[in-house]
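# Coordinate inspection notes
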Amino acid sequence: MNPNPNLNLTITENPGPTPNFDSEANPIFCPSLPKKLCLPQSQPLFQYNTSCESILDVFNDHILLSILHKIDDYFDRQSWRLCCKHFRLLEASCRTHVSLLRVHILPLMWPLCPRLQHINLTHCTFLSDENLHSVVAVTARSRLQSLKLVKLHTFTDSGLLSLAKECSSLVEVDLSQCYQLSDLGIMAFAHIKTLKVLKLIGCRVVTDVGVVALSIGCEKLEVLKLKLCRGITDVSIVAMASHSRELRELDLSYTKVTFLFHFVFQIPQTMFLLENF
């Protein structure tokens, strides 16, 4: 019923074509929206970047290394390395310490660990002079700071000479219980001005000749351990008191030192370790 009889009102129904919702190629018909907002049914409303294989790909290496530096626990860092190949390479790129079971692995891993500064070869049982030559060849000569060769009896003074000649930035060297080493190998470290810690525990062949050369050449020497070096006498103490002004710890246990107390007052900053005195 028309409420206004003077108004001629004509209504024509034209719903238009009925959309086929079963076809994915047809657009979704929405009468209440402009035509330009009608999207094809196969097109998603949000576009995802399918080039990233993992959500971690959105983090650059700088962010990942910042996270890695906050991981202190050894096993947590091992878990980090096992996440993926990229994480393993990142962890290797910032590694500074390594302990090897086989020395032939060092040339393979050195390109992956450019910041390596501390090498432990104690577990390389059959370390030879040729192996020490390979260590010299692959290590960055200006970066290697510490070397540990404990209880290894298969290399000689010759290999130690080549090592000390090239690795002039060494700060700490541990040659404990290397019975075969003599004064010739020990004197090779006398030209290393940066050497601070030298451990010669159980090196039975070492005598005062090697220690005197160390006291003159290694001006920054702070720790010297000569325990069980039966060739050390009072001559070594005289040389240390005269030249090693930076010496902080001197282990003379089970040596032939007899007249020690006279020199304690000449180097008062040094802590003497004497288990058999």
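Each chain carries its own residue numbering, running from 1 in the written order of its sequence. Only residues with pLDDT of at least 70 are given local features in this predicted model, and only at 80 or more are side-chain atom pairs given and counted; all residues enter the totals for whole chains, interfaces and linings. Calculation of side-chain values draws on the structure's entire complement of heavy atoms; hydrogens and water are dropped beforehand.

A separate point is helix α6 (residues 157-166). Given 3.6 residues to a turn, an α-helix orients residues that are three or four positions apart in the same direction. Asp 157, Gly 159, Leu 160, Ser 162, Leu 163 and Ala 164 are the residues of α6 that are buried. In this description, contact between two residues means that some pair of their heavy atoms is separated by no more than 4.5 Å. In this description a helix means any DSSP run of H or I spanning at least four residues, a strand means any run of E spanning at least two, and both kinds are numbered starting from the N terminus. Looking at the packing, one finds that the buried side of α6 touches α5 (129-138), β3 (146-148) and α7 (183-186). Only protein chains enter the accessibility calculation, which uses a 1.4 Å probe; a residue whose area is less than 20% of its type maximum is buried, one above 50% is exposed, and one in between is partly exposed.

Let us look at the packing of α5 against α6. Note on method: axes are straight lines fitted to C-alpha atoms, helices fitted across the in-contact stretch only, with angles between N-to-C directions ranging 0 to 180 degrees. Two numbers describe how α5 lies on α6: the axes approach to 8 Å, and their chain directions differ by 10°. Of the possible angle classes, the one that applies to α5 and α6 is roughly parallel. Within the contact between the two elements, α5 uses Asp 129, Leu 132, His 133, Val 135 and Val 136 and α6 uses Ser 158, Gly 159, Leu 160, Ser 162, Leu 163 and Glu 166. By residue class, the composition of the contact of α5 with α6 is five nonpolar, four polar and two charged. To sort the angles, those under 35 degrees are grouped as roughly parallel, those over 145 as roughly antiparallel, those from 65 to 115 as roughly perpendicular, and the leftovers as oblique. Residues are grouped as follows: nonpolar covers Ala, Val, Leu, Ile, Met, Phe, Trp, Tyr, Cys and Pro; charged covers Asp, Glu, Lys and Arg; every other residue, Gly included, is treated as polar.

Positionally, Asp 234 belongs in helix α9 (residues 234-243). One buried charged side chain, Asp 234, makes no salt bridge at all; its nearest oppositely charged neighbour is Lys 256, positioned 11 Å away. Here a polar contact is taken to be a pair of N or O atoms separated by no more than 3.5 Å, where protein atoms must pair a possible hydrogen donor with a possible acceptor and residues adjacent in sequence count only if both atoms sit in side chains. Among the polar contacts listed, one links the side chain of Asp 234 to the side chain of Thr 258, at a separation of 2.8 Å. A residue counts as positive if it is Lys or Arg and as negative if it is Asp or Glu; His and the chain ends are not included. A side-chain nitrogen of Lys or Arg and a carboxyl oxygen of Asp or Glu constitute a salt bridge if their distance falls within 4 Å.

Counting residues in hydrophobic clusters, the biggest one holds 54 residues, and the most contacted among them are Leu 121, Leu 149, Leu 175 and Phe 189. It is α5 that contributes the most residues to this core, four residues altogether. The contact partners of Leu 175, leaving out residues within four places of it in the chain, are Leu 149, Leu 160, Leu 181, Ile 186, Phe 189, Lys 199, Leu 200 and Cys 203. Counting residues in hydrophobic clusters, the runner-up holds seven residues, among them Leu 64, Trp 80, Phe 87 and Cys 94. Grouping buried Ala, Val, Leu, Ile, Met, Phe, Trp, Tyr and Cys residues that are joined through side-chain atoms within 4.5 Å yields what is termed a nonpolar core.

Right, let's talk about the environment of Ile 119 for a bit. Locating Ile 119 in the fold gives a position in strand β2 (residues 118-120). Separated by 27 residues in sequence, Ile 119 and Ser 146 place their C-alpha atoms 6.3 Å apart. Those residues in contact with Ile 119 that sit more than four places away from it in its chain are Val 98, Leu 106, Trp 110, Thr 139, Leu 144, Ser 146, Leu 147 and Lys 148.

With that settled, consider the confidence of the model for the chain. With 73% of its residues at a pLDDT of 70 or more, the chain shows a mean pLDDT of 79. Counted against residues more than four places away or in other chains, residues 9-14, with its pLDDT under 50, gives zero contacts. Confidence of the predictor at the level of single residues is given by pLDDT, which spans 0 to 100. Within the model, the stretch residues 21-49 combines pLDDT values under 50 with 14 contacts to residues more than four positions away or in other chains.

Here we take up the pattern of salt bridges. Tallied over the full model, the rule gives four salt bridges. The partner of Glu 172 in a salt bridge is Lys 199, with the nearest N and O atoms 4.0 Å apart. Separated by 27 residues along the polypeptide, Glu 172 in strand β4 (residues 172-174) and Lys 199 in strand β5 (residues 197-199) bring together distant segments of the chain. Put simply, Glu 249 and Lys 225 hold a salt bridge, and the shortest N to O gap is 3.9 Å. Of this pair, Glu 249 sits in strand β7 (residues 249-251) while Lys 225 is found in strand β6 (residues 223-225), placing the two residues 24 residues apart along the sequence.

In this section: the packing of aromatic side chains. Only Phe, Tyr and Trp rings take part, Trp by its six-membered ring, and two of them pair if their centres are within 6.5 Å. Stacked means planes under 30 degrees apart, edge-to-face means over 60, and tilted covers everything else. The tally for this structure, following the rule as stated, stands at zero aromatic pairs. For a lysine, the NZ atom is tested; for an arginine, the CZ atom; a charge sits over a ring if that atom is within 6 Å of the ring centre and within 35 degrees of the ring normal. Geometry around Tyr 179 places Arg 204 over its ring, the cationic atom sitting 4.3 Å from the centre.

Here the focus is a nonpolar patch on the surface. Each patch is assembled from residues with relative accessible area greater than 30% and no salt bridge, linking like charges that lie within 9 Å and nonpolar side chains (Val, Leu, Ile, Met, Phe, Trp, Tyr) that lie within 5 Å. Reported accessibility uses the Shrake-Rupley method at a 1.4 Å probe radius. Residues are deemed covered only where the shown protein chains occlude them. A grouping of Val 58, Phe 59, Ile 63 and Ile 67 is seen on the molecular surface, where their side chains present a nonpolar patch of about 330 Å² in accessible area. Summarising the element assignment, Phe 59 is placed in the segment before α1 (61-69). Residue classification places Phe 59 among the partly exposed residues on the basis of a relative accessible area of 37%.

Take the state of the cysteines next. Put simply, a disulfide is two cysteine sulfurs that come within 2.5 Å. For the structure on display, the rule yields zero disulfides. Take Cys 229: it sits in no disulfide, and the sulfur closest to it among the cysteines is that of Cys 203, at 5.5 Å. Take Cys 229: its relative accessible area is 0%, and that puts it in the buried class.

Position of Thr 125 among the secondary structure elements: in the loop between β2 and α5. Counting along the chain gives 29 residues from Thr 125 to Thr 154, while the straight-line C-alpha distance between them is 7.9 Å. Those residues in contact with Thr 125, other than ones at most four positions away along the chain, are Leu 152 and Thr 154.

This part covers the side chain of Ser 146. On the secondary structure map, Ser 146 appears in strand β3. Only 2.6 Å separates the side chain of Ser 146 from the side chain of His 118, close enough to count as a polar contact. Once residues lying within four places of it in the same chain are set aside, the contact partners of Ser 146 are Gln 117, His 118, Ile 119, Leu 170 and Glu 172.

Turning our attention to unusual backbone geometry. Although it is not a glycine, Gln 177 adopts a positive phi angle of roughly 60°. Owing to a relative accessible area of 27%, Gln 177 belongs among the partly exposed residues under this scheme. Here the phi dihedral of Tyr 254 falls at roughly 60°; this positive angle occurs in a residue that is not glycine. Here Tyr 254 lies in the loop between β7 and α10 (261-264). The partly exposed category is assigned to Tyr 254, whose relative accessible area is 32%.

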